[in-house]
Each structure stands twice: as C-alpha cells, then as structure tokens.
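So you can see what is in the structure, the chains are spelled out below.
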Amino acid sequence: MEIVGNPSVTVNNISKIEEGAPGTLSFLANPKYTHHIYTTNSSIVLVNKDFVAENEIKATLIKVENAYASIAALLNLVEQARPKRAGIEKNVHIDESVNIPDTHYIGAFSYISPNVILGNNISIYPHVYIGDNVRIGDNVTLYPGVKIYHDCVIGNNCTIHAGAVIGGDGFGFAPTETGYQKIAQIGNVILEDQVEIGANTTIDRATMGSTIIRKGAKIDNLVQIAHNVEIGSNTVMAAQVGVAGSTKIGSQCMFGGQVGVAGHITIGNNVNIGAQSGIPNHVEANQNILGYPAQPARDFARQAVMIKKLPDLNQTIKNLEKEIQALKKKLNE
Amino acid sequence: MEIVGNPSVTVNNISKIEEGAPGTLSFLANPKYTHHIYTTNSSIVLVNKDFVAENEIKATLIKVENAYASIAALLNLVEQARPKRAGIEKNVHIDESVNIPDTHYIGAFSYISPNVILGNNISIYPHVYIGDNVRIGDNVTLYPGVKIYHDCVIGNNCTIHAGAVIGGDGFGFAPTETGYQKIAQIGNVILEDQVEIGANTTIDRATMGSTIIRKGAKIDNLVQIAHNVEIGSNTVMAAQVGVAGSTKIGSQCMFGGQVGVAGHITIGNNVNIGAQSGIPNHVEANQNILGYPAQPARDFARQAVMIKKLPDLNQTIKNLEKEIQALKKKLNE
Amino acid sequence: MEIVGNPSVTVNNISKIEEGAPGTLSFLANPKYTHHIYTTNSSIVLVNKDFVAENEIKATLIKVENAYASIAALLNLVEQARPKRAGIEKNVHIDESVNIPDTHYIGAFSYISPNVILGNNISIYPHVYIGDNVRIGDNVTLYPGVKIYHDCVIGNNCTIHAGAVIGGDGFGFAPTETGYQKIAQIGNVILEDQVEIGANTTIDRATMGSTIIRKGAKIDNLVQIAHNVEIGSNTVMAAQVGVAGSTKIGSQCMFGGQVGVAGHITIGNNVNIGAQSGIPNHVEANQNILGYPAQPARDFARQAVMIKKLPDLNQTIKNLEKEIQALKKKLNE
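In this text, all values refer to a predicted model and were calculated from it rather than measured experimentally.

Enquirer: I'm lost on the overall build of chain A in this one. Help?
Expert: Check the secondary structure of chain A and you find two helices and 37 strands. With respect to the principal axes defined by its C-alpha atoms, chain A has extents near 100 × 80 × 30 Å. Burial status across chain A gives 58% buried among its 333 residues. The contacts of chain A with a sequence gap of at least 6 include a subset with a gap of at least 24, amounting to 15%. About 13700 Å² of surface is accessible on chain A, with carbon and sulfur atoms providing 50% of the total. Mean positive and mean negative side-chain charge positions of chain A (26 and 29 charges, respectively) differ by 9 Å.

Enquirer: Before we go on, may I ask you to explain the interface of chain A and chain C in this structure?
Expert: Listed per partner, the contact involves 69 residues of chain A and 70 residues of chain C. Across the chain A/chain C interface, buried area totals approximately 5500 Å², and carbon plus sulfur atoms make up 62% of it. Linking chain A with chain C are three salt bridges, by the criterion used here. For A:Glu196, the salt bridge identified is with C:Lys182, shortest N-O distance 2.8 Å. Summed over the shared surface of chain A and chain C, the number is 30 residue pairs in polar contact (both at pLDDT 80 or more). Of all elements in the fold, only α1 (67-80), β25 (218-219), β28 (236-237), β36 (288-291) and α2 (297-332) of chain A reach the threshold of two or more residues within the side of chain A that touches chain C. The leading source of residues in the side of chain A that touches chain C is α2(A), at 15 residues. Residues that form the side of chain A that touches chain C fall into these classes: 36 nonpolar, 19 polar and 14 charged.

Enquirer: Help me understand the pairing of strand β20 (residues 179-182) of chain A in this model?
Expert: Residue and element names in this part refer to chain A. Bridge analysis of strand β19 (residues 173-176) against β20 gives four bridges, and the strand direction is antiparallel. Considered in β20, the bridge of Phe-173 is made with Lys-182. With antiparallel pairing between neighbouring strands as the criterion, β19 and β20 make up a hairpin whose turn holds two residues.

Enquirer: What is the right way to read the side chain of C:Ser42 from this model?
Expert: Residue and element names in this part refer to chain C. Following the sequence through the fold, Ser-42 ends up in the loop between β3 (24-28) and β4 (44-48). Here Ser-42 falls in the buried class, since its relative accessible area comes to 3%. Engagement of the side chain of Ser-42 in a polar contact is seen with the side chain of Ser-26, the distance being 2.5 Å. Side-chain polar atoms of Ser-42 contact the side chain of Thr-40, separated by 3.0 Å.

Enquirer: Would you explain the relation of the copies chain A and chain C in this entry?
Expert: Mapping one chain copy onto the other needs a rotation about an axis and a shift along that axis. When chain A is brought onto chain C, the operation consists of a screw motion whose angular component is 120° and whose axial shift is 0.1 Å, with 0.1 Å RMSD remaining. These values place the two chain copies in the arrangement generated by a three-fold rotation axis.

Enquirer: Before we go on, may I ask you to explain the packing of aromatic side chains in this structure?
Expert: Describing an aromatic ring pair means giving the distance of the ring centres and the angle of the ring planes. Inspection of the entire model under this criterion finds 27 aromatic pairs over all chains. A ring pair is formed by A:Phe109 and B:Phe109, whose centres lie 5.7 Å apart and whose planes are at 75°; its orientation type is edge-to-face. Of this pair, A:Phe109 sits in the loop between β8 (104-106) and β9 (111-112) while B:Phe109 sits in the loop between β8 (104-106) and β9 (111-112), each in a different chain. Taken as a pair, A:Phe109 and B:Phe109 share a single burial class, namely buried. Aromatic side chains C:Tyr111 and C:Tyr129 sit 5.4 Å apart centroid to centroid with 25° between the ring planes, which places their arrangement in the stacked category. With C:Tyr111 in strand β9 (residues 111-112) and C:Tyr129 in strand β12 (residues 129-130), this residue pair connects regions lying 18 residues apart in the sequence. Through pairs of rings, three or more aromatic residues link up here, namely A:Tyr105, A:Tyr125, A:Tyr143, C:Tyr111, C:Tyr129 and C:Tyr149.

Enquirer: Explanation requested: the packing of α2(A) against helix α2 (residues 297-332) of chain B in the structure shown.
Expert: How two helices sit against one another is set out by the angle between their axes and by the gap between those axes. Between α2(A) and α2(B), the least distance of the axes is 9 Å, while the angle of their chain directions is 25°. Here α2(A) lies roughly parallel to α2(B), going by the angle between them. As for the relative orientation of α2(A) and α2(B), their crossing is left-handed in sense. Considered class by class, the residues forming the contact of α2(A) with α2(B) number 17 nonpolar, five polar and six charged.

Enquirer: What's the story with the sheet that holds strand β27 (residues 230-231) of chain C in this structure? I'm lost.
Expert: Strand pairing in a sheet relies on backbone hydrogen bonds. The paired strands run either parallel or antiparallel. Residue and element names in this part refer to chain C. With parallel pairing, the eight strands of this open sheet are ordered in space as β10-β13-β16-β21-β24-β27-β30-β33. Where the open sheet ends on each side, the last strands, each with one partner, are β10 (117-118) and β33 (266-267). With two bridges connecting them, β10 and strand β13 (residues 135-136) associate as parallel partners. Opposite Ile-117, over in β13, you have Arg-135 as the bridge partner.

Enquirer: Which parts of the structure should I look at to understand the pairing of strand β4 (residues 44-48) of chain A?
Expert: Taken residue by residue, a regular strand's side chains alternate between the two faces of the sheet. All names here are of chain A. Buried residues dominate β4, accounting for four of its five residues. In the sheet, strand β3 (residues 24-28) pairs with β4 via four bridges, with the strands oriented parallel. Note that in β4 the partner of Phe-27 across the bridge is Leu-46.

Enquirer: Before we go on, may I ask you to explain the environment of A:Asn48 in this structure?
Expert: Residues and elements named next belong to chain A. Summarising the element assignment, Asn-48 is placed in strand β4. Along the backbone, Asn-48 and Met-1 are 47 residues apart, and their C-alpha atoms lie at a distance of 9.6 Å. Not counting residues within four places of it along the chain, the set of residues in contact with Asn-48 comprises Leu-28, Ala-29, Lys-63, Val-64, Glu-65, Asn-66 and Ala-67. A polar side-chain atom of Asn-48 sits 2.7 Å from the main-chain amide nitrogen of Ala-67.

Enquirer: Help me understand the interface of chain B and chain C in this model?
Expert: Think of interface size as the accessible area that goes away when the parts come together; that is how it is often given. Each partner contributes to the interface: chain B provides 69 residues, whereas chain C provides 69 residues. When chain B packs against chain C, close to 5500 Å² is buried across both sides, 63% of that on carbon and sulfur atoms. Viewed at the interface, chain C and chain B are joined by three salt bridges. For B:Asp132, the salt bridge is made with C:Arg85, and the minimal N-O distance between the two is 2.7 Å. Taken together, the links from chain B to chain C amount to 31 residue pairs in polar contact (both at pLDDT 80 or more). Put simply, the parts of the chain that give the side of chain B that touches chain C at least two residues each are β19 (173-176), β20 (179-182), β23 (202-204) and α2 of chain B. Top element by residues in the side of chain B that touches chain C is α2(B). It accounts for 14 residues.

Enquirer: Would you take a moment to explain α2(B) for this structure?
Expert: Residues lying three or four places apart along an α-helix face the same way, a consequence of the helix completing one turn every 3.6 residues. For α2(B), spanning 36 residues, the distance from its first C-alpha to its last is 49 Å, which sits close to the expected 52 Å at 1.5 Å a residue. Looking only at α2(B), the buried set comprises B:Phe300, B:Gln303, B:Met306, B:Ile307, B:Leu310, B:Pro311, B:Leu313, B:Asn314, B:Ile317, B:Leu320, B:Ile324 and B:Leu327.

Enquirer: What is the right way to read the sheet that holds strand β13 (residues 135-136) of chain B from this model?
Expert: Residues and elements named next belong to chain B. On the basis of which strands lie adjacent, the open sheet formed by eight strands has the order β10-β13-β16-β21-β24-β27-β30-β33 and parallel pairing. Bordering the open sheet on either side are β10 (117-118) and β33 (266-267), each of which pairs with just one other strand. The pairing of β13 with strand β16 (residues 153-154) spans two bridges and is parallel. Residue Arg-135 lies in a different strand from β16, and its bridge partner there is Val-153.

Enquirer: Can you walk me through the domain arrangement of chain A in this structure?
Expert: As far as domains go, chain A holds domain 1 (2-80), domain 2 (146-292) and domain 3 (299-333). Computed over C-alpha atoms only, the centres of domain 1 of chain A and domain 3 of chain A are separated by 56 Å.

Enquirer: Explain the side chain of B:Thr159 to me, please; I cannot follow it from the model alone.
Expert: Residues and elements named next belong to chain B. By the secondary structure assignment, Thr-159 is in strand β17 (residues 159-160). For Thr-159, a relative accessible area of 17% translates into the label buried. Once residues within four sequence positions are removed from consideration, Thr-159 is found in contact with Thr-141, Tyr-143, Val-195, Glu-196 and Ile-197.

Enquirer: Sorry, what's going on with unusual backbone geometry here?
Expert: Excluding glycine, a negative phi dihedral is what most residues carry, and trans is how most peptide bonds are arranged. Residue A:Pro293 is reached from A:Tyr292 by a cis peptide bond, and omega for that bond is -5°. One non-glycine residue, B:His264, lies in positive phi territory at about 60°. Tracing the chain through its elements places B:His264 in the loop between β32 (260-261) and β33. We classify B:His264 as partly exposed; its relative accessible area is 38%.

Enquirer: Could you clarify how one ought to interpret the environment of B:Pro31 in this entry?
Expert: Residue and element names in this part refer to chain B. Along the polypeptide, Pro-31 turns up in the loop between β3 (24-28) and β4 (44-48). Residue Pro-31 is classed as exposed on the basis of its relative accessible area, which comes to 66%. Between the alpha carbons of Pro-31 and Phe-300 there is a distance of 27 Å; along the sequence they are 269 residues apart.

Enquirer: Hey, could you run me through the environment of B:Ala226 in this one?
Expert: All names here are of chain B. Locating Ala-226 in the fold gives a position in the loop between β26 (224-225) and β27 (230-231). Sequence-wise, Ala-226 and Val-47 are 179 residues apart; in three dimensions their C-alpha atoms are separated by 43 Å. Residues within four places of Ala-226 in sequence aside, it is in contact with Asp-204, Thr-211, Val-243, Ala-244 and Gly-245.

Enquirer: I would appreciate a short explanation of the confidence of the model for chain A in the present structure.
Expert: Across chain A, the average pLDDT comes to 95, with 100% of residues at or above 70. Per the prediction output, this complex has pTM 0.96; the corresponding ipTM is 0.94.

What counts, and where the lines are drawn
- Residues numbered from 1 in each chain as written.
- Chains lettered and ligands numbered in written order.
- Predicted model: local features only at pLDDT ≥ 70, side-chain atom pairs only at ≥ 80, totals over all residues.
- Heavy atoms only, no water.
- Helix = DSSP H or I, 4+ residues; strand = E, 2+ residues; numbered from the N terminus.
- Buried < 20%, exposed > 50% of the residue type's maximum accessible area, 1.4 Å probe, protein only.
- Contact = heavy atoms within 4.5 Å.
- Areas by Shrake-Rupley, 256 points an atom, 1.4 Å probe, with all protein chains shown as cover.
- Lys, Arg positive; Asp, Glu negative; His and termini not counted.
- Charge placed at Lys NZ, Arg CZ, Asp CG, Glu CD.
- Buried area = accessible area lost by both parts, 1.4 Å probe.
- Salt bridge = Lys/Arg side-chain N within 4 Å of Asp/Glu carboxyl O.
- Polar contact = N/O pair within 3.5 Å; in protein donor to acceptor, adjacent residues only side chain to side chain.
- Nonpolar A, V, L, I, M, F, W, Y, C, P; charged D, E, K, R; others polar.
- Pairing = 2+ DSSP bridges.
- Least-squares fit on C-alpha atoms with pLDDT ≥ 70 in both.
- Phe/Tyr/Trp six-rings, centres within 6.5 Å; stacked < 30°, edge-to-face > 60°.
- Axes fitted to C-alpha atoms, helices over the stretch in contact; angles between N-to-C directions.
- Parallel < 35°, antiparallel > 145°, perpendicular 65-115°, else oblique.
- Left-handed = near helix turned anticlockwise from the far one by under 90°.
- Expected span 1.5 Å × (residues − 1).
- Domains from an automatic or database assignment.
- pLDDT = per-residue confidence, 0-100.

Below you can see the structure in the form of structure tokens.
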C-alpha cells in the first residue's frame, strides 16, 4: 500500500467517485470512471497500484493491490458495524416442537411451524413464514416476509430477501373434459450452502423429488424458478429471469436480466446469456449466447446489423431487378 | 391393469424415473424419457398399457390405461395424506362483523377486515390480509402473505399462492401541468371458481367494473394482470406474463412464460402464444402465434431461419451486383 | 356544462360505457369507443362538449369541457367517500423510540423499527415492515405487506402498494477462487415526493449513496430497479420493467411493460420506450424507441415489415441469380 498526497486526511463515509464529497472515501476500479478522479471532491480515493495520474488530483490516493477488493472489504466492515438484532421478539408463533438455537434473532410476527429445524446464528425477520418440517442451516438470514413452504431445505450461509417464496406449488395441471385438474406437487426445494435469493423471487417445489439451487448460486429479484429445475454451483442470475420446469443449468453460468429458458432442456457449465434472451433448446458448455431465439453472441451482432440494413438491401434488390430487365432488353435488341 | 415382473415388491415413495431409487415408484408417460426405463433403479414403473419393452427391465411394470393420470391420482393421494391444519390460531385479527364458517383454518397474524364473507372449508395461512367487504367462496386456500384488497370476490375452489396481491390499484394517471394525477380505481377483481393464482402474482382492480379471471383459469407466478382485463375460462398462463389494461382474452388459451400483451385488445379462444412473444394487436381464435411482434408460429420459424442467413444473403447480393456490372461491361464492349 | 335529454334521471354508480347498466353514469373520451354511445344502457354519459351525435342516443348526455378529467374527478369523489381507517390497531410492534404522529392509521401486525420517523396523515396497513432509521413523509400510504429496509427515505404523498420491497440489497458479488463474495450494500433508497410504487415491485438499495426515484415518478407492479439507479421526475414505468444497476433515466419518460434497460447507461428526458424493448446503450432525449435492441420506432416498424418479407426476398434473389445465369449464357453464345 502506498499513500500519495496528504496522509493525515480523515473520512467518515464512503461515496461513489462521481458523487464524492469532502470527508468521504471513494475508489476507482472501472477504467470508464477514470476521468472522475481529476474532479472528485472525495478526500481519499483507493486506486489500483498501477494507476498513473495524467493530471493533478486533489484527493489523497491510496494505492492498493486491488481497489475493488479493498472497497468491498471496507463496505463489509461498515455493514458489520451496524447493530445486530438478537433474541426473540414478542408476538412470534413458534410451534412447541421447535428447538431454538443458542444464537438467533426471531422477529415479531414470524411463524415457525411444527418440526422445523433451525441452525445456529440465524436471523428471522418479522413476517417470515416457515412451513412444516423445513430445515434451515447455520448463519442463515431470512428477511421480512420470506415464505418457505413445508419440507424445504435451506443450507448454511444462505440469505433470502424480503418477500421471496420458496416451495410454492409447481405449475402442473392435467387437461380433462371438465377443465384442468391440479397435479399435486409433493416434492420440495433445496437451497445448498452460500445461496442468495433476491426479493420477491419465486422458487417452486418439485412435483416429486427436488428443485435444487446448488452451492454458491446467486439469484436476483423477481426471478421465477419452476418445479424440478436445477441451478448449478456459482451460477448467477440477474433480475426477472424465468426458468421453466425440469431444466438443468450448469455451474458458473451468468444470466442477464429477463432471460427466459424453456422447460426440459440442459444448459452446460460456463454459459453466458445476454439480457432478454430466449433459450428454446439445449446449450453446450462455454457458450456466449444472445437473442430470441438465442444464438452465439457474434452471430446475433452480425444479424442485428443486417436487420438494420434490410430496407437498404430491399432497395438494392429492386435496383438489381431493374438492371437485369435493362440488360435483357438490351440483349434482345 | 396388468403387472409385469415381481408382483410382491413394495414401495414407500414416488420418484422421477431418471432419479429412481429402490423402494420408489416411478412412471413413464413422455416418450422422450423411455430410455430411462431400462436403467432406472425404481422398484415399480407405471406405464401405458401399450408400452412394449425393447430391452430387459429390472423394475416391476404396472400397465395402466393412462400412466400420467394414474401418477396424478397417486400424487393427490399422497398430498391428501398430509396433516390438515384446522381451527383458529392465536394472534389473528378478525373484525367482529365477520362470521367464521364451521370448517376452517385461520393462521396466526392473518387479518380479516369488516364485512368479509367467508365460505366453508377455507384455509387462510399466516400473514394473509383480506380487505373490507371481500367475499371468499368455499374450499378456498390462501397461502401465506396473500393480500386481497377491499371489495374483491374469490370464487369456490380457488387457490392463491404466497405473496400474490389481488385488487391493487390499476395503473391510471392523468397528465396535468404539475405532474400526473392519480385516477381513483373504484372497481374490483373477481376470480370465478376453480381459479389458481401463482406466488407473487399481481392482479389489479378495475378502474370501474371488474377485472375478471373466469372459471378454471390457471395463472402462474409473477404474472401481471392489469385493470379491467378479462381472462377466459380454462386459460393457462405461465410465469411472468404481463397483460395490459382492458384486454379481453378468450377461453382455453395457453400462454408461454414472459409473454407481453398490449392493452385494449381482444384475443380469441384457443390461442396458443409462445414464450416471450409480444402481442400488439387483436388475435383471432384458434391461432398458434409466436415472436415479437407475434405472428403465426410457422411464419416466425421461416423468418428466424432467414434472419440467420442474412449475412450470406447480403454476400449473395453483392456477388449479383458484381456479376451485373461484369455483364454490363461485356455488353458495352 | 350542457345537458341533452332527460335532466331528472338519477344514477347510483359509475360504469364503463360498453358495460353500462340503467342507473349508472358512463363517460366517452376515447374516440375508439364512440359507437358504444348509441347502444349503452347507462342512464347518463359524460361527453366532451364538441361531441356530435350521429344517431339516436337513449342516455342523457352531460357535455363538459373534458369528459376524462370529469370522470377522474368523480372517481376521486367516490374513492374519498370510502370509510377511512384511523388509529392504532392491537398487535402492532412499534419501537419505543418512534413518535406517532397526530393523524395516522397503523394496522395490526405492522412492525416499526427503532429511530423511524413518521410524517403526519400516514396509513400503514397490516404486515408492513419498516426498518431502522427509515424516514416517512406526510400523507404516505403503505399497503399491506410493504417492506422497507433500514435507512431508506420515503417522501411526502407517496403510495406504495402491497408486497413492494424498498431497499433490499443491490445484487453485487465479487468473483473469488472459492466462489462469489458478497459486496455489502451500505447505501439506501430515496423516494422523493408524489411517487407511486406498484405491488410486489422491488427497488434495491445503493451499494453506496442512494438509489433515487424522483418527484412524481409512477412505477407499476413487479418492476425491478437495481442499485444506484436514478429515475427522473414524472417518469412512468409500466409493469415488469427491469432497470440494471447505476443507470440514470431522465424525467417525463414513458416505459412500456417488460422493457429491460442495461446497467451504467443514461437515458435522456422525454424518451418513450415501447413494450418489451431492450435498451443496451445510452439514449438521447426526446426519442421514441422500440425493439430488441431498441431503435427509433419508425426504423423498427420498417424492419419488422422487411423481416416478414424475408422469405419472398430470398426467392427474388434466387430468381435474379437464375436470370443472370441465363443472361451470361446468352451473352456467351
């Protein structure tokens, strides 16, 4: 670590470099934001050690190995300094069959059903519903209004944000002469360890067996995961993605927002899918795909260019037709 | 029913054929899964009576008229064997004007407003909110955290999953010189009988009159139904569909996930709409449409093929131009 | 105001003109609905003063300056006549540090954390969660199940519909060799005055600084607003829109449903974006754009027409190739 500028300056908050105010610390990691460093009012800026200033900089610079990792560590320190909730508040509904762990927060109006098993160091915010036989691992945080239907399993170190619904019925109906008949959904949902689920996301229980979100997967807000889907380890899905039933998705994938994935297909490991893409068929590992229906991102880009040229192309073809007519006429003269 | 193999084998659970374990019963209905029957470890497999094995099968087969219907019946039996909740838990808020029916479950922290009318055999899970004057039919299940605004009507045999919001304000604002002014939404939502609504789905109340979901319609998670929409009988909508205001949708339609439908249009009966399609205009009955903007599925498929060929087509046109230039030159020699 | 027809007719409800029943008042503002005026059973129809009947009309007409504004005013009168909730219900959780304002409704099972500041004339429906240090302005309504995480700020005259989540963590993770590491999200969300937020919408807190929804913006149901986004004044977003992180959107924009907006971009003022469009890059002010990727609406329309013609165009090109071959052959004879 190297300090460039006044080493005795102090700060009491963290800010974005483009919004920096005196008394705050900012960081510069994304080169697109480099120009802000010459105008920022932040008192301190964390930069990568290879940063070379091209103009004068008011702020004190702290050069570190990895500015992004350093700011992340600082943010975590700030977060950890927030007062922690602990204990059981009044007005909770906890079935007498449930053992309360030594370390816990259980907020008012939360509801814990019979035979639920709770790990250590759990935080259950107000208005959480936990159904019968649910198992919850250690260091789990359930934010306000999370609902977990019966029989589901939440691994260690999972975080589920407000309003998410884990284990609602899969969408299964059999057509009959008098209308649709519901297929009972007797499976469950399993979140493995280190999974984070966004606000108001819905993950349906399996018809039979389990819908599974594997270790380290991160799922953003308002995502729909249908029954019997499997999401691989460390796969990341942005908001409003939808995955239809029984599809298996590999590990280390990245999904942009609003992607839709058909049912009963397989997506390999390390697949990147651009925002709003539609995936109708199997996808091999290590692809970078985009579009509706999705295809290799390079092909999509070329076709997008061509589509814009279509009116011109149409005119070119009309011109060619005329030229050919002219040629024919001339040839027949 | 015919049994092929060891008739005395016993099972204690149901599994998918591809995940079958000893002691479980599986089924085979979708021909795509046929190959699993030769390797499954399930002890029993339900198959259609016309199934003919092409290789050796370890499992005992039970041949039935319709394997899918049989497994559905079995799943329902399993579901029905789960313990049923009954009675009124402590810590509920029920207005004194409300009559409690003879058969019911009303979970802790649920809230029932003045003049609500409740049918028989209702299950109201924890954290449910029911607004003033709401009417709820017989055999209705409201899962945790369902919110029903005032004046809405829920028919018999309806199921509403966790977090769904029925009767929120339609999105109506009039532009004025000082910004948008809210248009009061004084209508309601009517769910007819046998309707199922998915988790975190939102169905807005009508500006005036009613937003109506007709008998037997099934709506998946995270769907948005705007004010004054009508959804026909036995229409099925997959997750994340959005329908804009005042649109009327026929009966027996099937919508794939993430479909978007414009406002003030009409969609006929028996229309199938592929996932992620955008529907800007009226759609006649008995169509099978797809795309953005949607068109007959066959046309969409042909155009999708053509779009992939566009770069080649562009090259072909360039070649034609050169050939014509060559011809012209030759002709002028 | 001018009355045409029986001036002594009375009504006791408001209806849409196409559903009009005797004893109700309807309005005609959208010319598309004009034909209904000749068949409606409504007893009174509000029309613009320049309306000229082309056939006989049963209903009494009231001619006004602006039929739409008049009906809006009437709807607001009806809405205001509904009984208002007031006072604090039993079974609330209010931290002792919180001052309750003079005018308020606080519903059962709502939860108010330490150091929350509440404005006058607030309505907090059941099952609302308000986190530590949240500030809420005057005349705010929070419908059932709204969740507001710590440190967020809600302006005056805001309305937040059921199930919306304000201030959940932004979706930020740093890749490491052992999987993703969470980036703490220490910022907040600010809703300025006159903002309305739809049911089950999610607005994430900033990583640092604030996610900001400016004065008068109206956001529909199931919308996702990511961390550090800014939405300009009087901008309107239809349901299921998603905006990725750090994007800045101008004022007076209109977004159709299901639009997706990339992160770290800027959209100018007065931009209209058609439903389901995808916005990958910056957009200048005063545009009308559409498509995936979005482009000027006129270009999109022309290209959509061309895409439909692609199979024909392909045939034309094949014909041209044949003609050229024929010409070449003839020329070489």
